[in-house]
Amino acid sequence: MEFFLIIISAIFVNNILLAQFLGICPFLGVSNKLSTAVGMSGAVCFVITLATVVTYLINSYLLVPFGLEFLQTIAFILVIAALVQTVEIVLKKTSPSLYQALGIFLPLITTNCAVLGVAITVVTKQFTFGGEAHMLNLGQAAVYALSTSVGYGLAMILFAGLREHLAQNDVPESFRGLPIALVTVSIMAMAFLGFSGMV
């Protein structure tokens, strides 16, 4: 039941884009076309999940035991940057086709605050299950990271579809481009707010 609550909460109720407003820059910048939004969503899903698991382990087995919690942000940024670079190098050598699909998105993810936000949330925030608040274990942290990235991807893909549709319609000149995109995002955020009573 805890995993179900984590999944529903991360995807719909506390969507990282529409409720927490993390990762907005790539969300607005890469969502012009559905194909690029799908590629970015896949890359973000992979990196957020992998980075959260690695940073959770580093925090649990290195920073906390040695009293170095004050280095969390710096350590997590370095780990995420190194992880993205390593993934990029490995993909380039082992799977050129996958590298071509994700290659242009991987450098963008290094500066995506959603990756760092999820990693920090997992190790600092207490989650409430059955009336009791407690920290997430490694399995719950991995599920939370995957669910959060799926929520990110869902919001980005829905938004890209709406932007493609808007590009084909007659939008008033003063609303063309970013203004209508921001209005659309605000309406999407209000729609996702309707899920808040679920958990």
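Read on for a plain summary of the structure. Worth saying up front: this structure is predicted, and the values here are computed from it rather than measured. (Residues numbered from 1 in each chain as written. Predicted model: local features only at pLDDT ≥ 70, side-chain atom pairs only at ≥ 80, totals over all residues. Heavy atoms only, no water.)

**Examining the environment of Phe195**
(1) Moving on: Within the fold, Phe195 resides in the segment after helix H9 (178–193).
(2) Moving on: Look at Phe195 and you get partly exposed, because its relative accessible area is 27%.
(3) Moving on: Taking the C-alpha atoms as reference points, Phe195 and Asn14, separated by 181 residues in sequence, lie 8.9 Å from one another. (Helix = DSSP H or I, 4+ residues; strand = E, 2+ residues; numbered from the N terminus. Buried < 20%, exposed > 50% of the residue type's maximum accessible area, 1.4 Å probe, protein only.)

**Focus: the side chain of Ser149**
(1) Moving on: With respect to the helices, strands and loops of the structure, Ser149 is situated in helix H8 (residues 138–167).
(2) Moving on: Leaving out residues up to four positions away in the same chain, Ser149 has contacts with Val44, Cys45, Ile48 and Thr49. (Contact = heavy atoms within 4.5 Å.)

**Here we look at the nonpolar core**
(1) Moving on: Counting residues in hydrophobic clusters, the biggest one holds 50 residues, and the most contacted among them are Leu18, Phe27, Ile109, Tyr144 and Tyr152.
(2) Moving on: Top element by residues in this core is helix H3 (residues 34–63). It accounts for nine residues. (Core = buried A, V, L, I, M, F, W, Y, C linked by side-chain atoms within 4.5 Å.)

**Some remarks on H8**
(1) Moving on: With 30 residues, H8 should cover 44 Å at 1.5 Å per step; its first-to-last C-alpha distance of 43 Å lies within 8% of that length.
(2) Moving on: Taking the backbone nitrogen of Gly139 as reference, a side-chain oxygen 3.2 Å away marks Asn137 as the first, capping residue of H8. (Expected span 1.5 Å × (residues − 1). Polar contact = N/O pair within 3.5 Å; in protein donor to acceptor, adjacent residues only side chain to side chain.)

**Observations concerning the pattern of salt bridges**
(1) Moving on: With the rule as written, the count across this model stands at one salt bridge.
(2) Moving on: A salt bridge links Asp170 to Arg176; the shortest N-O distance between them is 3.7 Å.
(3) Moving on: A relative accessible area of 72% places Asp170 in the exposed class.
(4) Moving on: A relative accessible area of 47% means that Arg176 is categorised as partly exposed. (Salt bridge = Lys/Arg side-chain N within 4 Å of Asp/Glu carboxyl O.)

**So, the packing of aromatic side chains**
(1) Moving on: As enumerated under the stated definition, the model contains five aromatic pairs in all.
(2) Moving on: Consider the rings of Phe12 and Phe195, whose centres lie 4.8 Å apart with planes at 40°: the pair is tilted. Of this pair, Phe12 sits in helix H1 (residues 2–13) while Phe195 is found in the segment after H9, placing the two residues 183 residues apart along the sequence.
(3) Moving on: The exposure class of Phe12 is partly exposed, given its relative accessible area of 23%.
(4) Moving on: Each ring, one from Phe192 and one from Phe195, has its centre 5.6 Å from the other, and the planes form 70°; the classification is edge-to-face. (Phe/Tyr/Trp six-rings, centres within 6.5 Å; stacked < 30°, edge-to-face > 60°.)

**Re the environment of Ser149**
(1) Moving on: Of the residues examined, Ser149 reaches a relative accessible area of 1% and is grouped as buried.
(2) Moving on: Along the backbone, Ser149 and Phe4 are 145 residues apart, and their C-alpha atoms lie at a distance of 15 Å.

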